[in-house]
Amino acid sequence: MLQRTTKTIITAVAALFMMANFFIIASSAQAITPSPEMIEQFKNLPASEQQRLARQYGIDPALLTGKGTTQSDLANPELVLPRNSDGQFENTDKLQGLKNANEELDFAKEQQKKELKRFGYELFQGEPTTFAPVSDVPVPSEYLVGPGDRIKVQLFGKDNQEYDLVISRDGTIQFPQLGPISVAGLSFAELRESLNHRIKQQMIGIESNITMGELRSIRIFIAGDAYKPGSYTVSSLSTITQALFVAGGVNEIGSLRDIQVKRNGKLVGSMDLYDLLMRGDASGDLRLRSGDVVFIPPVGGLVSIEGEVRRPAIYELKQNETVADIVAMAAGVTPGAYPKSSTIERFNSNGLRGLVNVDLTTQAGKSTKAQAGDYIRVKNASVRFEDAITLVGAVVRPGKYQWYDGQKISDLLPSLWGDLLISADLNYGIIIRETNRYGDIKVLQFSPAKAIGDKQTEQDLTLQPRDKIMLFNYSDEAINRFELNKLVKDRVEEITSLTGDSLVGNDLFKAGFAELDKTQLESRSDIAGVVVTKDSSQETEEELAKKEAGELVTAEVKKMLFNLFDDKELIKQSGAMNRGELLYPVVTKLISQGMGNSGAPIVAINGKVRHPGIYPLADKAKISDLVMAAGGLLEGAYSARAELTSSVLEGEYSTVSHLDINLDAAISGQASEDKVLQPRDILTVMTTPDWQENKTVEIRGEVKFPGIYNIRRGEKLSDVIERAGGFTQYAFLPSSVFVRESVRQQEQIEIKKLADQLRRDIATRGVSKDGNVVNYTDAQLMLSDLENIKAVGRLVVDLPAISVGIAQADIQLEDQDILYIPSTRETISVMGEVQHAATHRFKDGLTLDQYLSMSGGVRKRADDDRIYIIKADGSVMLPSRTMWFSSTTELSPGDTIIVPLDTEYKDNLTLWTQITGIIYNTAVAISAISGL
């Protein structure tokens, strides 16, 4: 028993080594077939080992276990793997990693996708990866049987038998009880009829059922411009197309339209693959016989077609084919094509390329003979609409609409509530109308409320072809612009390197339009004779980057606005645009129409109106129309008088005239005041004298009634303190802090200028006067501190003097002023270049040097000569040089001692004294405020 087990193991190990050697050989020479001895030894291996070896070396287990069919597999190569750029097949398993690694480096990939490809050749670029002979399909009756075919015969009746008969090489079958029967040259139908007849005659009482079994293999030759020409063994049912797959298809110079089948040296048929690919006609796909030659000749003439066709590609040309045939090969033209304006690029006798115009809507154009090398372009139709009405702005359904004769505004927009947005301005709408075939326009103004709601004849204007109707929002503050900004963001990201993070959170469309609006403001100022000056201060890198990004956004917004009436997506979002954005393409077009002395038909309105700006001059527009266009008057507008500025041409010179207008009378329609406007007129709506908006100040801290108080124009600080009930008994008036917004803004501007100056000094001064290299690390830290400073806007006020009624100390209040009044303070602070900056309890009689000593004394880099004191009220006091370190230097509770940095110690950057002073002063002010 042990010996038998040991022998089995030894045999299995030997078989394992033998099979391993076989698989190694098989991997290097695919033509080797395992011998019967190898197969028997393989059967002795465990099942798991058999499966492992089969998976590892890619062997079909059925081949080794004998469980497959009795007929040997046909020896066909594995086809068709994808071809690489050199026309060779890729091994996808081995090259996939390399392909993925180089995919990002293939810069020509996108360009290759745009190039035209040869039609039909992609048929052989992918599946199938193997060619399996067709053996399980129904055999046609006309199939000619031959040596190697198997005939299955089932007998039933008096006797039941089944026979599997093989046709021998001499064309006979050995039928038991009937002897040899010759079937050479018979079709399957003839063979079945002959056998049935003989069985009935010679085998009485027996019926038969005759079918085809396994089919024979045939040897064919594939020659010419096949991808892999040669001799192949295929199924006897194979056709031309199946033979092409066996050979890997047609190479880059092979023809698809004249694939020939030759038998015994004679042409017996040909196939045009275009019939199969374009029309599904397989009638030319002949069945092959043993010894047939499939010949692929070189490709004929090639014609390219692109443009508005359904299948642009390069097509193979046959004799006498026309341009219409080529268009038919390309599956016809698209609905957006304009076939009347098609062109053919064609080489002439001099070898130069010329153009031939072809009208594909005429018989003559269609019958134009195509030539090898032609490049046909089918042009696209215009994107413009004929006789369409364009509706944009504050409407529910903006877009293009059909025009018909007699159509009016109320026909297109029958309902104020159903067709207009709830935010629509019911007093102002315009119609942009073309005046000639060159695209010049004029503007008509109407009132939506009167045209749609009341249907007044003079307002409900009759529309004409290609009119553009524009309605506006009454107020821009409540408009949701998310989708509009998203549209701009997506388009900007497509054409620039700006990321989504740098664009999120901004009203991009408004920011982009702001630059365009500056142009309008300059134009308006130019009309009034005012020169607009630009800030020439140097900008930081961050500001330059933001400016560049803004210019990109502006350019895209400008492009979008110029094409407003032809941009479907923008028309859809036009309801979110403000008045200036909607009018921009109209105003720009009108400005471009201005010629010579006629002037551009635009007007402007400034002052106390809801939407000041530049507006198109409507036909026969008056002052009241311009006021309505601007959204009406704001609160505080002086309606008794407005000023109309006009440019008057007198001879060779232009003069500016001013005319006072009674605005109330003009709006009410009095002809004497409601004058007809002229190009470039400017209407200025003034503010009512002594009018002021709601202004407030805030009192915090030690007053009896702290809070926010409304003030009138000219009111002073003492007046508001009195209204607040006066000071409490704990108020410490010398330490009060008065903050003003206008001062804060000015301080912030000065800080920015100082930061820019410091940045230039750092960049231009590499070495100080004593030869020491500038410490750029410290300089950058100082610059960073300076840029991060937020100005406070503290204004020094003498509150004790105001409290006792000294009029010279009192100040006039402004909007958003804030007064902080702290409680009693008993401290002295020491800041700057001392050993330990700290706040000390105030003791009467202590001197400046004693407080410095209490903070550990000054540091080595301190500037002893520039020590100063910030008083509690915000004023600055410099100690007397003659009394330095003397006890006569007067200090008060709430004061702060500042020890500045020695600029000579810090690389001779003299700006640092000013910078450190700003930092210390700001810190003191913030500390005083935060202590309340």
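Values in this document were obtained by computation on a predicted structure and should not be read as measured data.

**Considerations on the confidence of the model for the protein**
Per-residue confidence for the protein gives a mean pLDDT of 78; residues scoring 70 or more make up 74%. When the criterion is pLDDT under 50, residues 126–131 qualifies, and its contacts beyond four places in sequence or with other chains add up to 20 contacts.

**With respect to unusual backbone geometry**
Although it is not a glycine, Q177 adopts a positive phi angle of roughly 75 degrees. Unusually for a residue other than glycine, D387 sits at a positive phi of about 60 degrees. Looking at where D387 falls in the secondary structure, it is placed in the loop between β15 (375–378) and β16 (388–393). Given the relative accessible area of 26%, D387 is considered partly exposed.

**Section: the pattern of salt bridges**
On inspection of all chains with the given rule, the structure shows 29 salt bridges. Measuring nitrogen to oxygen at the nearest pair gives 3.0 Å for the salt bridge that ties E569 to R491. In this pair, E569 sits in helix α19 (residues 568–572) while R491 sits in helix α15 (residues 482–495), placing the two residues 78 residues apart along the sequence. Between R723 and E715 there is a salt bridge, with its nearest N and O atoms 2.8 Å apart. The class for R723 is partly exposed, based on a relative accessible area of 38%. Residue classification places E715 among the buried positions, given a relative accessible area of 2%. Via salt bridges that share partners, R257, D272, K318 and E321 belong to a single interconnected network.

**So, the sheet that holds strand β21 (residues 602–607)**
Pairing is mixed in the open sheet, where five strands are placed in the order β22-β21-β25-β23-β24. With partners counted over all chains shown, the strands left at the sheet margins are β22 (613–616) and β24 (653–661), one partner each. Across the sheet, the mean angle separating the axes of adjacent strands is 20 degrees when strand polarity is ignored. The sheet contact formed by β21 and strand β25 (residues 682–687) spans four bridges and is parallel. Paired with I605 across the two strands is L683, which belongs to β25. Here helix α20 (residues 579–593) sits on the sheet and contacts β21 and β22; the angle it forms with β22, its principal contact strand, is near 60 degrees.

**Comments concerning helix α7 (residues 188–202)**
Over its 15 residues, α7 runs 21 Å from end to end, which matches the ideal 21 Å to within 8%, given 1.5 Å per residue. Among all positions in α7, only F188, L191, L195 and I199 are buried. Projected onto a plane normal to the axis of α7, the buried residues spread over an arc of 60 degrees and lie on a single side. For α7, the exposed residues set more than 90 degrees away from the buried face come down to E193, K200 and Q201. Lining the buried residues of α7 we find β1 (150–157), β3 (172–175), β4 (179–182) and β5 (206–212).

**Description of α20**
Here α20 spans 21 Å end to end across 15 residues, near enough to the 21 Å set by a 1.5 Å rise per residue. Along α20, the residues that are buried comprise R579, E581, L582, L583, Y584, P585, V586, V587, L590 and Q593. Measuring from the backbone nitrogen of G580 back to the side-chain oxygen at the start of α20 gives 3.1 Å, which picks out N578 as the cap.

**Some points on the side chain of S735**
One can find S735 in the loop between α23 (717–723) and β28 (737–739). S735 sits in the buried class, given a relative accessible area of 1%. Those residues in contact with S735 that sit more than four places away from it in its chain are P822, R825, A872, P893 and G894.

**Here we look at the pairing of strand β13 (residues 342–347)**
Counting buried positions over the six residues of β13 gives five, a clear majority of the element. Where β13 lies against strand β14 (residues 353–358), six bridges are found, and the strand directions are antiparallel. Along β14, the bridge assignment pairs S342 with V358. Linking two consecutive strands that pair antiparallel, namely β13 and β14, is a turn of five residues; a positive phi of about 80 degrees is found at G351 within it. When β13 meets β15, the two strands line up antiparallel, connected through three bridges. Its bridge partner lying in β15, T343 is registered against R377.

**Comments concerning the pairing of strand β32 (residues 838–841)**
Of the pairings in the sheet, the one linking strand β31 (residues 827–832) to β32 comprises four bridges and is antiparallel in character. Pairing of V830 across the sheet is with A838, part of β32.

**Overview of the side chain of N251**
In this fold, N251 is placed in the loop between α8 (240–246) and β8 (259–263). Here the side chain of N251 touches G254 through a polar contact of 3.0 Å, landing on its backbone nitrogen.

**Notes on the packing of aromatic side chains**
Taken as a whole, this structure holds seven aromatic pairs when the rule is applied. For the ring pair Y428 and F472, a centre distance of 4.9 Å and an interplane angle of 10 degrees mean the geometry is stacked. Of this pair, Y428 sits in strand β18 (residues 424–434) while F472 sits in strand β20 (residues 468–473); the two residues are 44 residues apart in sequence, bridging distant segments of the chain. Residue Y428 is classed as buried on the basis of its relative accessible area of 1%. In this structure F472 comes out as buried when scored by relative accessible area, which is 1%. Taken together, the aromatic side chains of F119, Y274 and Y315 make up a single cluster linked through ring pairs.

Cut-offs used in this document
- Residues numbered from 1 in each chain as written.
- Predicted model: local features only at pLDDT ≥ 70, side-chain atom pairs only at ≥ 80, totals over all residues.
- Heavy atoms only, no water.
- pLDDT = per-residue confidence, 0-100.
- Contact = heavy atoms within 4.5 Å.
- Helix = DSSP H or I, 4+ residues; strand = E, 2+ residues; numbered from the N terminus.
- Buried < 20%, exposed > 50% of the residue type's maximum accessible area, 1.4 Å probe, protein only.
- Salt bridge = Lys/Arg side-chain N within 4 Å of Asp/Glu carboxyl O.
- Pairing = 2+ DSSP bridges.
- Axes fitted to C-alpha atoms, helices over the stretch in contact; angles between N-to-C directions.
- Expected span 1.5 Å × (residues − 1).
- Arc of directions from axis to C-beta.
- Polar contact = N/O pair within 3.5 Å; in protein donor to acceptor, adjacent residues only side chain to side chain.
- Phe/Tyr/Trp six-rings, centres within 6.5 Å; stacked < 30°, edge-to-face > 60°.

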